Amino acid sequence: MKVDANNFVSVAQIAVNDPDLQEAVSLGTYNGYSKRLVAMFSNGHEHGEAMRQQAAAMRRRAIQKLPDLLELAEKNMTANGIKVLWAETAEDVRNMVLDIAKKRNAKLVAKSKSMISEEVALNHAFEENGIEVVETDLGEYIIQLNKETPSHIVMPVMHRTKREIRDLFMRELNMPFTDDAAEMTAFIRKHLRQVFVNADIGISGGNFIIAESGSLCLVTNEGNGRMVTAMPKVHIGIVGIEKVIETIEDYATLTQILPRSATGQQMTVYMQMINGPRREDEPDGPDEVYVILVDNGRSKVYATKYAEALTCIRCGACLNACPVYQVTGGHAYGWVYSGPIGAVITPALTGLENATPLPQASSLCGKCKQVCPVDIDIPRMLLDLRHELVEKGMTDKIFDVGLKAWSIGNRSPKLFIMGGAVARFGTRFLPNRLPGPLGGWTKYRDFPQFAPKPFRELWKERKKGKPS
Amino acid sequence: MYLPERPSPKGKRVSLFVTCIVDMVYPAVGMSVVDILEHLGVEIDFPENQTCCGQPGYNSGYRNDAREVALHFLRVFADADVIVVPSGSCAAMIRHEYLTLFADDPVWLPHAQRAASITWEFTEFIVQGLGITDLKLRLPQPQTFAIHDACHGLRILGLGEEARTLLANVENAALEDLKDADACCGFGGLFSVKMADVSGAMLQKKIDCINHCPAATIITGDTSCMTQMNGGLSRQKSVKRVRHIADVLAEGLKK
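Residues numbered from 1 in each chain as written. Chains lettered and ligands numbered in written order. Predicted model: local features only at pLDDT ≥ 70, side-chain atom pairs only at ≥ 80, totals over all residues. Heavy atoms only, no water.

(A) Up close: the overall build of chain A. A tally of regular secondary structure across chain A gives 22 helices and 10 strands. Taken along its principal axes, the extent of the C-alpha atoms in chain A is 95 × 55 × 45 Å. The buried share of chain A, taken over its 468 residues, is 57%. Excluding contacts between residues fewer than 6 apart, the proportion of contacts in chain A whose partners are at least 24 apart in sequence is 75%. Split by element, the accessible area of chain A, about 20,100 Å² in all, is 55% carbon and sulfur. Here chain A contributes 57 positively and 54 negatively charged side chains, and the mean placements of these two sets differ by 10 Å. (Helix = DSSP H or I, 4+ residues; strand = E, 2+ residues; numbered from the N terminus. Buried < 20%, exposed > 50% of the residue type's maximum accessible area, 1.4 Å probe, protein only. Contact = heavy atoms within 4.5 Å. Areas by Shrake-Rupley, 256 points an atom, 1.4 Å probe, with all protein chains shown as cover. Lys, Arg positive; Asp, Glu negative; His and termini not counted. Charge placed at Lys NZ, Arg CZ, Asp CG, Glu CD.)

Structure below.
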């Protein structure tokens, strides 16, 4: 997927003025945020907090041991009959998948939701090679039908209202009129059944890979993940290298906290641990299972101060909790991963120069860290990225000059007092709308009047007025 | 992160860091802080060379420029025993971010650690530092309030209960709930001008909650968030306003 994050400000401006998007995103994020609160803390705040810290420790341990765990995972998956492939770049992934497809003479590919397949632009590669690919997760199916990109890592079509989706189905698939979400879902379900039956290849992502058992773990809700991985003759799982965890015990904790954080469910509907292709005594399942382990920039992040971002389990809780995401939706972030974690991952994986507004798209309110199931310090990394923007000269000159003046003015009490006097005089004559960067302020707010006397003068007067 | 141990501030002289915005824009808030601390019998000093904590530069990524300002702060407050700040955000800057700013500086890191260990947000100083929950205050007339939890005080310093406890014990003060009290007002320093439309949309959500709140007055602990919210309320001709907690408490001192 092309990175288009440098247009954040203008895309966000359109988003905050789009009433359909505002309706859809505030409902979606509110549901996600409030259901998570109930699911995480239904057994008391301490229990939920303990689970968070436990999950954070497990993910940090996994990242610390990543090189060893990847080798162990490869060894155990291979022993289970899974063919493990290593992809360094997005292009490598596309070529590997196309090779398998050509070898099997595939005409139709069924996919379950996978953000990494969006990251490497897999659907595009299939289409270019005349292979039909169908998304089978309802949200992703809608995205594909509407020729869009996902705006949320868990709920890809959060930016659309039910009305818009109903109209899309009526237009594209001749669905009879209905306002009932269950009826709409049933209509698509029927439509998708034949895809599962006819597909030559099924493609999934992976929520975790357990190194000690060589298992590919999938957490899904609609059942399409199970169909995609069980019905076609070939199953390909595409997984980022950072998704490896050490033990089944780790999985036990992470698989509890993931659905609680993502959708507010105590437990997911379908939980799969795939340990290879169909065995001889088994009636169904694929003949071949591939796992493609994808780097695509991750090993470079591993050596930086943003390595913490690799512990992310892609639950989307920080998106739902983020007051910026709540008003912009995900498309403004310009790549696969949106919201606070996207503001770190996109510059870290694709280069800061391709995403200069993202570290600044935050009020640093800290809610992302508060809700993160693995306690990623996103505000800390946003601050580090902002520092990098300055160091690399990627900031607006007007702020460079402004902040330099601020710094000099605040190192000297004399200059500070003088600056205050100028502002005191100036703010008396301010028009209602200001030009330049301050125009951003006065577009939505009145400017505060500076006080006639600063505190330091009131303090002196008070001291004088009192007998010492 | 390494966090220094915090010595008890009881019985010690307080050096007041009013913050640059209180000094220049809201000096009355600073005077209210002085009134309340004097009411508690605390000895107060105001180091007159003080300016800013450095947060505007730090949060925008200008660490070298922020470091110079923070250095000035450390020099000005070198002799302080206790530093009290009527802002959760500026207190969090000194307590947490100074340790990052001076992490590689063997000369100034000990000073930064010391400053971090003796710095208290205003309500935190009273409730946690001095152990006082009832200021024995009485407002001239009954009033209703609701609290907006400013982000850095809430999520970096873990504050929130302190302000509610102090207010609950003020005679004639009734507390209501503000919907989404812990949601950001959209200020975020330069974020409010760099991403004005996003910040404005966040502010609108906050204003809607404030306008629907049964309380006449919203209380917060940070004058910067107050500027954002009051700027929007004033622009939209709302009758509601946000006040700093020190101002409301000091009103209870009047005989």
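(B) Broad picture of the packing of helix α1 (residues 8-16) of chain A against helix α11 (residues 196-212) of chain B. Look at α1 of chain A against α11 of chain B: their axes get within 8 Å of each other, and the N-to-C directions meet at 35°. Every pair of crossing elements has a handedness; the one defined by α1 of chain A and α11 of chain B is left-handed. Contacts from Phe8, Ala12, Gln13 and Val16 of chain A in α1 of chain A reach Asp197, Val198 and Ala201 of chain B in α11 of chain B. Split by residue class, the contact of α1 of chain A with α11 of chain B holds 5 nonpolar, 1 polar and 1 charged. (Axes fitted to C-alpha atoms, helices over the stretch in contact; angles between N-to-C directions. Left-handed = near helix turned anticlockwise from the far one by under 90°. Nonpolar A, V, L, I, M, F, W, Y, C, P; charged D, E, K, R; others polar.)

(C) Seen up close, the sheet that holds strand β7 (residues 234-240) of chain A. All names here are of chain A. Pairing within the open sheet is parallel, and its 6 strands lie in the order β1-β10-β7-β4-β2-β3. Each of the sheet's edge strands pairs with one partner strand only, and the pair in question is β1 (83-87) and β3 (132-135). Strand-to-strand, the axes of this sheet are offset by a mean angle of 20°, without reference to chain direction. Contacting β1 and β10 (288-294), helix α4 (residues 66-79) crosses the sheet at an angle of about 145° to β1. (Pairing = 2+ DSSP bridges.)

(D) Structural detail: the sheet that holds strand β1 (residues 14-16) of chain B. A sheet is described by the order of its strands in space; here 4 strands give the open sequence β2-β1-β3-β4 (chain B), paired in parallel fashion. Each having just a single partner strand, β2 (44-45) and β4 (119-121) of chain B make up the two edges of the open sheet.

(E) Quick look at the state of the cysteines. Residue and element names in this part refer to chain B. According to the stated counting rule, one finds 0 disulfides over all chains in the structure shown. Free cysteine: cysteine 184, not disulfide-bonded; nearest cysteine sulfur from cysteine 151 at 4.0 Å. The thiol of cysteine 213 is unpaired, and the distance to the nearest cysteine sulfur, on cysteine 209, comes to 8.8 Å. (Disulfide = S-S within 2.5 Å.)

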